[in-house]
Amino acid sequence: MDAQIKLSVVASDIFGVSGRAMLAALVAGERDPKVLAQLARARLRAKLGPLVEAFTGFFTDQHAFLLGKMLARVDQLDADLAELDAKLQELIAPFVAAVDRLDEIPGVGQLAARLLLAELGTDMTRFPTAGHLVSWAKFAPGVKESAGKRKGSGSTGHGNPYLARVLGEAAVAASKTDTFLGERYRRIARRRGKRRAIVAVGRSILVIVWHLLSDPTARFQDLGTGFYDTRINAERVKRNHIRQLEALGYKVTLQPAA
């Protein structure tokens, strides 16, 4: 910014192949904006004009020295991250089968599956039932009752923040899928709001995780978006549809099909 170089305005990723080549050229002593712009690759070559303008500034040897130090720090961080990823791959190797089975749950990818194992472990004997796990994770609403009256907001309380985060993200991802979990989210969100729907779907994912980890031979099987339709009484479905149409201002009269 001090040198009036505006590469980040034109290139979305200044640390990509093109960006690094341009920055390296600056550090090496190249100052001609047209020469620097020609280092662009792929789709960035369509922005040669704006790139020339972006490199028109007052870049000095002092800036080059500081930029070189910054790039060296970035490269060192990238190397550290690569080493950390390799170590994580080594540590997760004994649990690859469990990760792959959890990965089959809608909304749960490889990363989320690894995070779930990191927070829960693989030994589910500590939780006699899925309900015990849900309660421990604070994904079950607490109900306080006194003199026959329920009190409190029904909030779940505060559990493991890392587990809550990964379950919340998985629930949001599942809500966008055409699956049972996606349909469960949409049904609850319509009636109770998105936040409660996320907690409910997160709880469902946690129950599935308990079953998959409790039985190494178990595999996830989606119940499908039509699961609720096969479980709800036909009269109840009819009443719900009539109520929805009446809410839209229609007068409904039903006649049996011939």
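If you're wondering where the values come from, they're calculated on a predicted model, not measured in any experiment.

(A) Quick look at the overall build of the protein chain. Secondary structure assignment for the protein chain yields 13 helices and two strands. Taking 18 Å as the expected radius of gyration for a compact globule of 258 residues, we find that the protein chain reaches 28 Å, considerably beyond that expectation. Here the C-alpha coordinates of the protein chain stretch approximately 80 × 55 × 40 Å along the principal axes. Per-residue burial for the protein chain yields a buried fraction of 30% across its 258 residues.

(B) Layout of the pattern of salt bridges. In the structure shown here, the tally under the stated rule is five salt bridges. Across the salt bridge formed by D61 and R31, the nearest N and O atoms sit 3.3 Å from each other. Placement of D61 in helix 5 (residues 61–92) and of R31 in the loop between helix 2 (17–28) and helix 3 (33–37) is noted, with a sequence separation of 30 residues between them. For D61, a relative accessible area of 63% gives the class exposed. Between K87 and E90 there is a salt bridge whose closest N-O contact spans 3.6 Å. Remark: E90 and K87 occur in helix 5; sequence separation between them is three residues, near one turn of the helix.

(C) Structural view of unusual backbone geometry. Non-glycine residue Q4 carries a positive phi angle of around 70°. Mapped onto the secondary structure, Q4 falls in the segment before helix 1 (7–10). For A42, which is not a glycine, the phi torsion comes out positive at approximately 50°. With respect to the secondary-structure elements, A42 resides in the loop between helix 3 and helix 4 (48–54).

(D) Up close: the packing of aromatic side chains. Applying the stated rule across the entire model yields one aromatic pair. Consider the rings of F127 and W136, whose centres lie 5.5 Å apart with planes at 50°: the pair is tilted. On the basis of relative accessible area, W136 is assigned to the partly exposed category, the value being 41%.

(E) Up close: helix 2. For helix 2, which comprises twelve residues, the first-to-last C-alpha distance of 16 Å matches the rise-based estimate of 16 Å (1.5 Å per residue) to within 8%. Regarding helix 2, the residues found buried are S18, G19, M22, L23, A25 and L26. Viewed end-on, helix 2 has its buried residues packed into an arc of 155°, placing them on one side of the element. In this structure, helix 2 carries V17 and A28 as exposed residues pointing more than 90 degrees from its buried face.

(F) Focus on the environment of V96. Tracing the sequence through the fold places V96 in helix 6 (residues 96–103). Separated by 14 residues in sequence, V96 and Q110 have C-alpha atoms that sit 9.7 Å apart.

(G) Molecular detail of helix 7 (residues 110–120). Buried residues of helix 7: A112, A113, L116, L117 and L120, and no others. Buried residues along helix 7 cover an arc of 140° about the axis, so they all sit on one side. Facing away from the buried side of helix 7, by more than 90 degrees, are the exposed residues L111 and A118. Looking at the buried positions of helix 7, the neighbouring elements they touch are helix 6, helix 8 (130–136), helix 9 (161–175) and helix 11 (194–214). Taken from the residues just after helix 7, G121 is the one with a positive phi, measuring 80°.

(H) Quick look at the packing of helix 7 against helix 9. In the contact formed by helix 7 and helix 9, the axes pass within 10 Å of each other and the chain directions differ by 155°. Classified by the angle their axes make, helix 7 and helix 9 are roughly antiparallel. Considering only the axes of helix 7 and helix 9, their crossing is left-handed. Residue-level inspection shows A112, L115, L116, E119 and L120 of helix 7 in contact with helix 9, the latter providing Y162, L163, V166 and L167. Residues that form the contact of helix 7 with helix 9 fall into these classes: eight nonpolar, no polar and one charged.

(I) Inspection of the environment of D61 at higher detail. Separated by 33 residues in sequence, D61 and A28 place their C-alpha atoms 9.4 Å apart. One polar contact links D61 to R31, side chain to side chain, over a distance of 3.3 Å.

Each value, and the rule that gives it
- Residues numbered from 1 in each chain as written.
- Predicted model: local features only at pLDDT ≥ 70, side-chain atom pairs only at ≥ 80, totals over all residues.
- Heavy atoms only, no water.
- Helix = DSSP H or I, 4+ residues; strand = E, 2+ residues; numbered from the N terminus.
- Rg over C-alpha atoms; globule rule 2.2 N^0.38 Å.
- Buried < 20%, exposed > 50% of the residue type's maximum accessible area, 1.4 Å probe, protein only.
- Salt bridge = Lys/Arg side-chain N within 4 Å of Asp/Glu carboxyl O.
- Phe/Tyr/Trp six-rings, centres within 6.5 Å; stacked < 30°, edge-to-face > 60°.
- Expected span 1.5 Å × (residues − 1).
- Arc of directions from axis to C-beta.
- Contact = heavy atoms within 4.5 Å.
- Axes fitted to C-alpha atoms, helices over the stretch in contact; angles between N-to-C directions.
- Parallel < 35°, antiparallel > 145°, perpendicular 65-115°, else oblique.
- Left-handed = near helix turned anticlockwise from the far one by under 90°.
- Nonpolar A, V, L, I, M, F, W, Y, C, P; charged D, E, K, R; others polar.
- Polar contact = N/O pair within 3.5 Å; in protein donor to acceptor, adjacent residues only side chain to side chain.

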